[in-house]
Amino acid sequence: MKTYKIAAIPADGIGPEVIAAGLQALEALARRDGGFRLDVTKFDWGSARYKKTGALMPEDGTEQLKAFDAIFFGAVGAPDVPDHVTLWGLRLPICQGFDQYANVRPTKILPGISSPLAGVKTGDLDWVIVRENSEGEYSGHGGRAHKGLPEEVGTEVSIFTRVGVTRIMRYAFALAQARPRKFLTVVTKSNAQRFGMVMWDEIAAEVATEFPDVKWDKMLVDAMTVRMVRAPRSLDTIVATNLHADILSDLAGALAGSLGVAPTGNIDPERRFPSMFEPIHGSAFDITGKGIANPVATFWTAAQMLEHLGEKDAADRLMRSVENVCASGIMTPDVNGTATTQQVTDAVCEAIRSENI
Ligand code: NAD
Ligand code: MN
């Protein structure tokens, strides 16, 4: 029997609540299918560790994670630690250290959940956003000169490389090709950003020739927000820069009903290193400890993780169980339900156990 070594990093806020839920569902699947086992190691990295030791994770943190098949991540961020410290101290070192250059964010309206868009139902919005996850606006270059003085200057440098853009474009075209509609939308801002973004457009056209059966079009990111709201059916697979896709995917999550149902995989397509799976949402201080965090995003990202590990049947079973539970109305308050995190989790585990497929 295969055993997968999973590193769980629940971290902050509702992170531990949703990761606990996700691990229960994964356990139920492993027991039900019997085809694999999970060997889970929990890491106490996050803001509490930062407040005690001055670092969110140990210096050899990524070295420790190398031994795992995948990383299951909650959320990082605390009210009394600056957000740039938590982001750059934990999540980004893992994404960048393991060159997880493809951030894959599926979005659809699950049964029983309503979109804030009038008349848009399950099936009308079914997207995968591919976020370039290694460079662009998150490349870490820039600085502040004359700090605090009237002449202070702050710069944030977006770096795009031909290698980086080509590999994400190939990933996105291949993903679009594998989906029924075979349709990709390439998002840039090449009217205002004349260098890196114009290079994106050119590389998209070059890579497109390798995928003659994929239809594709181009959008400027501002117009893209309008299209997502006004014509959701006109989109399928979407590729955008690190920052643009970060923003678009929060919008996508909201249009699909709640940030609490939106998953993401930080993937190293070449499988040199472990990939990392997490809900899109953050640590949600406003609901931490109340037991009402929506675990669906974490279940969905657990399904992404299983699929990445080669357990497609278990991943499909998990998603069917989640969809059945959502359809039956057992949902948390963010999607107009009255159930707690644990009640949704119990219902999903029960659906996993009792499904007769
Ligand atoms: P957030 O995602 O934590 O919360 C935004 C809103 O969505 C809140 O009202 C919250 O209650 C709601 N929400 C989020 N997840 C939910 C869930 N599973 N169920 C029900 N409701 C949910 O974003 P924020 O408030 O901008 O950020 C809070 C902290 O999280 C900050 O420190 C931020 O830096 C951090 N953050 C971390 C990540 C990450 O770890 N990947 C991502 C985004 C934000
Ligand atoms: Mn984000």
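Residues numbered from 1 in each chain as written. Chains lettered and ligands numbered in written order. Predicted model: local features only at pLDDT ≥ 70, side-chain atom pairs only at ≥ 80, totals over all residues.

Quick reminder of the rule: UniProt positions are given in the numbering used here, feature names are shortened, and annotations may be inferred rather than shown by experiment.
If you look the protein up in an unreviewed UniProt entry, it shows as D-malate dehydrogenase [decarboxylating] from Antarctobacter heliothermus. As its UniProt record puts it under Function (unreviewed entry), the protein is described as follows: "Has multiple catalytic activities. Apart from catalyzing the oxidation of (+)-tartrate to oxaloglycolate, also converts meso-tartrate to D-glycerate and catalyzes the oxidative decarboxylation of D-malate to pyruvate." Turning to the protein, the UniProt annotation filed under Sequence similarities (unreviewed entry) states: "Belongs to the isocitrate and isopropylmalate dehydrogenases family."

Looking at the overall build of the protein
Under the convention used in this document: Runs of E in the DSSP output that reach at least two residues are strands. Runs of H or I that reach at least four are helices, and both are numbered from the N terminus. The globule rule used for comparison is 2.2 Å times the number of residues to the exponent 0.38, while the radius of gyration itself is calculated over C-alpha atoms. In this scheme the burial state of a residue depends on its C-beta neighbours within 10 Å: 20 or more other such atoms mean buried, 12 or fewer mean exposed, and anything in between means partly exposed; the C-beta positions come from the backbone. Here contacts are defined at the residue level, using C-beta atoms placed from the backbone and a cut-off of 7 Å between them.
Within the protein one finds 11 helices and 12 strands. Its C-alpha atoms give the protein a radius of gyration of 20 Å, within 12% of the compact-globule value 21 Å for 357 residues. In terms of overall dimensions, the protein has C-alpha extents of about 60 × 50 × 40 Å along its principal axes. In the protein, which comprises 357 residues, the proportion classed as buried is 48%. Considering only intrachain contacts with a sequence separation of at least 6, the fraction spanning at least 24 residues in the protein is 75%.

Notes on the sheet that holds strand β8 (residues 183–188)
Our working rule: A pair of strands counts as paired when DSSP detects no fewer than two bridges linking them. Angles shown run from 0 to 180 degrees and are taken between the N-to-C directions of axes, each axis being a line fitted to C-alpha atoms and, for helices, limited to the stretch in contact.
With respect to topology, 10 strands assemble into an open sheet ordered β2-β1-β3-β12-β11-β4-β5-β10-β8-β9, the strand pairing being mixed. Strands with a single pairing partner mark the edges of an open sheet, and in this sheet they are β2 (36–42) and β9 (215–220). Across this sheet, the average inter-strand angle for adjacent strands is 25°, counted without regard to direction. As judged from the 4 bridges shared by strand β5 (residues 126–132) and strand β10 (residues 237–240), these two strands associate in the parallel manner. Bridged to Arg131 within β10 is Ala240.

Observations regarding the domain arrangement of the protein
Stated formally: Throughout, the edges of the domains are those of an automatic or database domain assignment. Throughout, the ten residues Ala, Val, Leu, Ile, Met, Phe, Trp, Tyr, Cys and Pro are labelled nonpolar, Asp, Glu, Lys and Arg are labelled charged, and all others, Gly among them, are labelled polar.
Segmentation of the protein into domains returns domain 1 (1–100 + 265–356) and domain 2 (115–256). The C-alpha centroid of domain 2 is placed 25 Å from the C-alpha centroid of domain 1. Across the boundary between the two partners, domain 1 contributes 8 residues, which contact 7 residues of domain 2. Ranked by residue count, the leading element in the side of domain 1 that touches domain 2 is helix α4 (residues 83–97), at 3 residues. Its residues assigned to classes, the side of domain 1 that touches domain 2 comprises 4 nonpolar, 3 polar and 1 charged.

Quick word on the site of ligand 1
Stated formally: Each residue gets a C-beta atom placed from its backbone. Should that atom fall within 6 Å of a molecule or strand, the residue is termed near it.
Close contacts around ligand 1 come from 22 residues, with Gly77, Gly260, His281, Gly282 and Asn294 the closest. Among the residues forming the shell around ligand 1, the class breakdown is 10 nonpolar, 7 polar and 5 charged.

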